[in-house]
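Summary of the model geometry
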Amino acid sequence: MKVPAQPLVVVGVDGSDSSKAALRWAADYAASVGARLDVLTAWHLPTTFAGPGYIPAGFDLGVDYDKVLEQVVDEVFGAERPSFLRLVVREGGAAQLLMEASKDADLLVVGSRGHGGFAGLLLGSVSAKLAEHAKCPVLIMHGQLVAQKP
């Protein structure tokens, strides 16, 4: 008899308050259903950095984003980082990488607004694209949940 694979929850994190709320919710949900949790952040060089003359020697955005993601996760969980959590840093556009991750995920969680775009919009371009095109269910966090302790 084949044992079903452990469920996978993927959460997109960019350091914004909205993505931190998504991370908190995703961790609680993953714990409640016994799922693994992939915390994914994406990076890419802006097109204005296309020429090699603009990039200093030793410059590695991947390493910088590893550190940023570690800091965000530490800020959200402190010493209570879940054991089922895995940090994933990839080069590319956030929407595309999260869409690719949705192929293997049981749930994709993102914040409603990231760091880019226009402050007055309620739904960011990444979350809107994922809501329409992801290959698994998508939860878009808007605002903060207030935990009710019994």
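Treat the numbers as computed from the prediction; the structure is a model and nothing was measured.

**Let's talk about the pairing of strand β1 (residues 8-12)**
Buried residues dominate β1, accounting for 5 of its 5 residues. Burial of β1 is two-sided: the residues Leu 8, Val 10 and Gly 12 facing one way and the residues Val 9 and Val 11 facing the other way are all buried. Judged from the 5 bridges that link them, β1 and strand β2 (residues 36-43) form a sheet pairing that is parallel. What sits directly across from Val 10, in β2, is Asp 38.

**So, the environment of Leu 108**
For Leu 108, the position within the fold is in strand β4 (residues 107-111). Expressed as a C-alpha distance, the spacing of Leu 108 and Leu 130, which sit 22 residues apart in the sequence, is 8.7 Å. Beyond its immediate sequence surroundings of up to four residues, Leu 108 is in contact with Val 10, Leu 98, Ser 102, Leu 130, Ala 134, Cys 136, Pro 137, Val 138 and Leu 139.

**Here we look at the sheet that holds β1**
With respect to topology, 5 strands assemble into an open sheet ordered β3-β2-β1-β4-β5, the strand pairing being parallel. Because the sheet does not close on itself, it has two edges, and the strands there are β3 (85-91) and β5 (138-141). For this sheet, the mean angle separating the axes of adjacent strands, direction not counted, is 25°. Across 7 bridges, the pairing between β2 and β3 is parallel. Looking at the pairing, Trp 43 lines up with Glu 91 of β3.

**Some remarks on the nonpolar core**
Membership of the largest hydrophobic core comes to 21 residues, with the highest contact counts inside it found for Val 9, Val 11, Leu 23, Leu 37, Val 39 and Val 109. Breaking this core down by element, the ones donating at least two residues are β1, α1 (17-33), β2, α2 (61-77) and β4. Broken down by element, the residue count for this core peaks at 6 residues, all from α1. What Val 11 contacts, discounting residues up to four positions off in sequence, is Ala 22, Leu 23, Ala 26, Leu 37, Asp 38, Val 39, Leu 40 and Val 109.

**Structural notes on the environment of Val 88**
As for its position among the elements, Val 88 is in strand β3. In the structure, Val 88 is positioned 75 residues away from Val 13 in sequence and 10.0 Å away in space, judged by C-alpha atoms. Excluding residues that lie within four positions of it along the chain, Val 88 makes contacts with Asp 38, Val 39, Leu 40, Thr 41 and Leu 69.

Cut-offs used in this document
- Each chain has its residues counted from 1, following the order in which its sequence is written.
- In view of the model being predicted, local features appear only for residues whose pLDDT reaches at least 70, and side-chain atom pairs are presented and counted only at 80 or more, with totals across whole chains, interfaces and linings using the full set of residues.
- In computing side-chain values, all of the structure's heavy atoms are included and hydrogens and water are not.
- The buried label applies to any residue whose accessible area, calculated with a 1.4 Å probe on protein chains only, is under 20% of its type's maximum; exposed applies above 50%, and partly exposed to all values in between.
- Per the convention used, a helix needs a DSSP run of H or I reaching at least four residues, while a strand needs a run of E reaching at least two, with both numbered from the N terminus.
- At least two DSSP bridges between two strands are needed for those strands to be called paired.
- Only heavy atoms matter for contacts: two residues are in contact if any of them lie within 4.5 Å across the pair.
- Fitted lines through C-alpha atoms give the axes, limited to the stretch in contact for helices. The angle between two N-to-C directions lies from 0 to 180 degrees.
- Take the buried residues of types Ala, Val, Leu, Ile, Met, Phe, Trp, Tyr and Cys, join any two whose side-chain atoms come within 4.5 Å, and each joined set is a nonpolar core.

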